[in-house]
Amino acid sequence: MKIIILAGGGGTRLWPLSRKNLPKQFTPIIGDRILLQETIDRFFDYPAGDIFVSLTAELLPLFQEKVKNFPAENIIIEPAKRDTGPAMGFVALVLAEKFPDEPMAFIPSDHYIGDVKKFLNCLKVGERLIKAEGRLLDIAVTANYPSTVLGYTRIGEKYLDEDGVEVYNFKGHVEKPNLEKAQEYLAEGDYLWHASYYMWTPAKFLAAYEAYAPAVYTGLMKVKVARASDDQKLLAEEYSRLEKISIDYAVTEKMDPKNVLIIKGDFGWSDIGAWDVLFDKLKGQADANGNLIKAEWLGLDTKNCLIYGPAGKMIATIGVEDLAIVDTPDALLICPQSRSQEVKKIVAELEAGDKKKFI
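Residues numbered from 1 in each chain as written. Predicted model: local features only at pLDDT ≥ 70, side-chain atom pairs only at ≥ 80, totals over all residues. Heavy atoms only, no water.

## Overview of the overall build of the chain
For the chain, the count of helices and strands is 11 helices and 18 strands. A compact globule built from 359 residues would reach a C-alpha radius of gyration of about 21 Å, and the chain, at 21 Å, matches this within 12%. Dimensions along the principal axes, computed over C-alpha positions, put the chain at roughly 60 × 50 × 40 Å. Counting all 359 residues of the chain, 51% fall into the buried class. Counted over contacts in the chain with a minimum sequence separation of 6, partners at least 24 positions apart contribute 66%. Accessible area for the chain stands at about 16,600 Å²; split by element, carbon and sulfur atoms hold 51% of it. With 44 positive and 52 negative side-chain charges, the chain shows a spacing of 2 Å between the two charge centroids. (Helix = DSSP H or I, 4+ residues; strand = E, 2+ residues; numbered from the N terminus. Rg over C-alpha atoms; globule rule 2.2 N^0.38 Å. Buried < 20%, exposed > 50% of the residue type's maximum accessible area, 1.4 Å probe, protein only. Contact = heavy atoms within 4.5 Å. Areas by Shrake-Rupley, 256 points an atom, 1.4 Å probe, with all protein chains shown as cover. Lys, Arg positive; Asp, Glu negative; His and termini not counted. Charge placed at Lys NZ, Arg CZ, Asp CG, Glu CD.)

So, in structure tokens, the structure goes:
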């Protein structure tokens with residue numbers, strides 16, 4: 001199986017630590033290593049030639065600085081930033097040139113995985129089923145609160161249980177529902193959070209684009225012609241014309257359920273997408289008052305706060321609780337943890353105004 005680590009995202013909900021030129025996958029948010037390196041290191045038992053990274057040209061120098069000794073021929077450069085729909089289609093296009101019928105797995109670069117052994121076992125089961133049945137495999141995890149920033153995968157009857165990995169029939173996908181719908185899905189119990197680990201072959205992925213996202217597919221075929229002629233200018237032009245859309249909206253919501261199987265990923269998963277999510281995942285490291293501290297800090301009557309700060313700078317708090325406080329050399333965020341998801345709106349305001357230097 002070819003492993004493709006998607007590392008071209010921005011991580012705007014973790015601003016101000018995650019920035020346009022230093023997105024969250026290149027930062028040590030959880031431990032001592034950057035998230036991207038932790039992701040690569042999970043595949044320690046895979047041949048180095050089977051691990052690829054997909055990112056934009058703007059992030060290539062940062063990748064080369066942060067990740068040492070990665071094979072240059074396994075770096076796939078996206079011609080522009082067009083979301084996961086075009087990005088994953090482009091990867092499938094590139095890998096189809098050499099490995100059209102070999103299983104491949106798309107791996108986000110910024111997730112937390114508690115049980116790596118079980119995670120890898122899920123991928124191995126997925127690989128076997130792709131070879132045996134030719135269906136798309138995806139991973140979904142149990143939802144424990146009504147999130148409006150994640151997709152929801154509906155599962156049907158259990159298809160099989162192999163080596164402790166449960167596989168279910170697929171009944172549909174809904175991307176980022178409103179709060180009312182998310183609450184309904186949580187109550188119904190057969191909706192899982194979509195974890196975004198798509199597994200199939202490059203040829204099958206391209207066929208799915210042709211069937212469900214024909215405009216994107218037509219554009220990708222023009223990109224293919226440009227690649228064949230080594231016309232980089234034309235390649236960039238054709239790719240930039242592709243609709244900026246996620247694969248979830250472009251393909252997943254439209255797929256025939258008979259062509260999909262869902263692995264239930266019981267391996268301690270979390271999408272480290274916002275400060276409240278990070279706090280929840282790391283709360284086992286909190287102090288006696290529930291504070292998660294990654295800074296030089298002194299507090300009085302402070303409870304259940306997340307505090308990040310640069311080395312050598314003191315942060316002091318008095319009489320506060322349930323806050324996210326994130327300090328960087330040029331920007332400071334203070335917000336209730338319950339509103340952490342709205343940080344993305346701050347970034348949008350900065351982008352729209354005259355303060356772009358802060359993103």
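## Brief notes about the sheet that holds strand β15 (residues 306-308)
The mixed open sheet is built from four strands, whose spatial order is β13-β15-β17-β18. Two strands bound the open sheet, and with one partner strand each, they are β13 (292-294) and β18 (332-336). Put simply, the sheet's adjacent strands are angled 0 degrees from each other on average, direction ignored. Where strand β17 (residues 323-327) and β18 come together, five bridges link them in antiparallel fashion. When the sheet's bridge partners are listed, A324 is paired in β18 with C335. Against the sheet, helix α10 (residues 275-282) makes contact with β13, β15, β17 and β18, and its axis sits at roughly 105 degrees relative to β15, the strand it touches most. (Pairing = 2+ DSSP bridges. Axes fitted to C-alpha atoms, helices over the stretch in contact; angles between N-to-C directions.)

## Considerations on the side chain of D248
Tracing the backbone shows D248 in helix α9 (residues 247-250). There is no salt bridge for the buried D248, and the closest opposite charge comes from K176, which lies 5.4 Å off by N-O distance. In terms of polar contacts, D248 uses its side chain to reach the side chain of Y198, at 2.7 Å. Among all residues touching D248, those that are not within four sequence positions of it are H173, E175, H194, Y198 and E253. (Salt bridge = Lys/Arg side-chain N within 4 Å of Asp/Glu carboxyl O. Polar contact = N/O pair within 3.5 Å; in protein donor to acceptor, adjacent residues only side chain to side chain.)

## Some points on the layout of surface pockets
Computed from the structure, the second largest pocket encloses a volume of approximately 310 Å³. Every residue lining the second largest pocket is counted, 21 residues in all, and those nearest its centre are N144, W193, W269, S270 and K281. Elements represented by at least two residues in the lining of the second largest pocket include exactly β12 (269-271) and α10. Class assignment of the residues belonging to the lining of the second largest pocket gives a composition of eight nonpolar, eight polar and five charged. (1 Å grid on protein atoms, 1.4 Å probe; cavity = no way out; pocket = protein on both sides within 12 Å on 5 of 7 lines; lining within 4 Å. Points joined across faces, edges and corners; volume = space filled by probe spheres on them. Nonpolar A, V, L, I, M, F, W, Y, C, P; charged D, E, K, R; others polar.)

## Here's the deal with the nonpolar core
Generally speaking, nonpolar side chains in soluble globular proteins are found buried as a group. Membership of the largest hydrophobic core comes to 93 residues, with the highest contact counts inside it found for I3, F63 and L123. Of the residues forming this core, the biggest block, eight residues, is contributed by helix α3 (residues 84-96). (Core = buried A, V, L, I, M, F, W, Y, C linked by side-chain atoms within 4.5 Å.)

## Remarks on the environment of A182
Along the chain, A182 falls in helix α5 (residues 179-188). In the structure, A182 is positioned 17 residues away from M199 in sequence and 26 Å away in space, judged by C-alpha atoms. Discounting residues that sit within four places of it in the chain, A182 has contacts with P146, S147, Y152 and P177.

## Description of empty space enclosed by the protein
Applying the stated criterion across every chain, the model contains two cavities of 30 Å³ or more. Approximately 50 Å³ is the volume found for the largest cavity. With three residues, the single largest contributor to the lining of the largest cavity is helix α6 (residues 202-212). Counted by class, the lining of the largest cavity contains nine nonpolar, one polar and no charged residues. Space inside the second largest cavity adds up to approximately 30 Å³. Along its surface, the second largest cavity is lined by L136, D138, F170, Y198, T252, V260 and I262. Looking at the lining of the second largest cavity, the elements that each hand over two or more residues are β6 (136-141) and β11 (260-264).

## A closer look at the pattern of salt bridges
Oppositely charged side chains are able to pair whenever their charged atoms sit close together. For the structure on display, the rule yields 24 salt bridges. In this structure, the salt-bridge partner of K158 is D161, at a minimum N-O distance of 3.9 Å. Classification of K158 as partly exposed rests on a relative accessible area of 41%. One network of salt bridges, with partners in common, ties together K2, D50 and E102.

## Quick word on the packing of α6 against helix α7 (residues 214-228)
Between α6 and α7, whose axes approach to 5 Å, the crossing angle comes to 125 degrees. As the angle between them shows, α6 and α7 are arranged oblique. Residues L206, Y209, E210, A211 and Y212 of α6 form the contact with α7, whose participating residues are P214, V216, Y217 and L220. Residues that form the contact of α6 with α7 fall into these classes: eight nonpolar, no polar and one charged. (Parallel < 35°, antiparallel > 145°, perpendicular 65-115°, else oblique.)

## As for unusual backbone geometry
The residue after W15, namely P16, is reached through a cis peptide bond having omega 5 degrees. Residue position: P16 is located in the loop between β1 (2-6) and α1 (35-41). You will see that D83, though not glycine, has its phi angle at about 75 degrees, which is positive. By the secondary structure assignment, D83 is in the loop between β3 (75-78) and α3.

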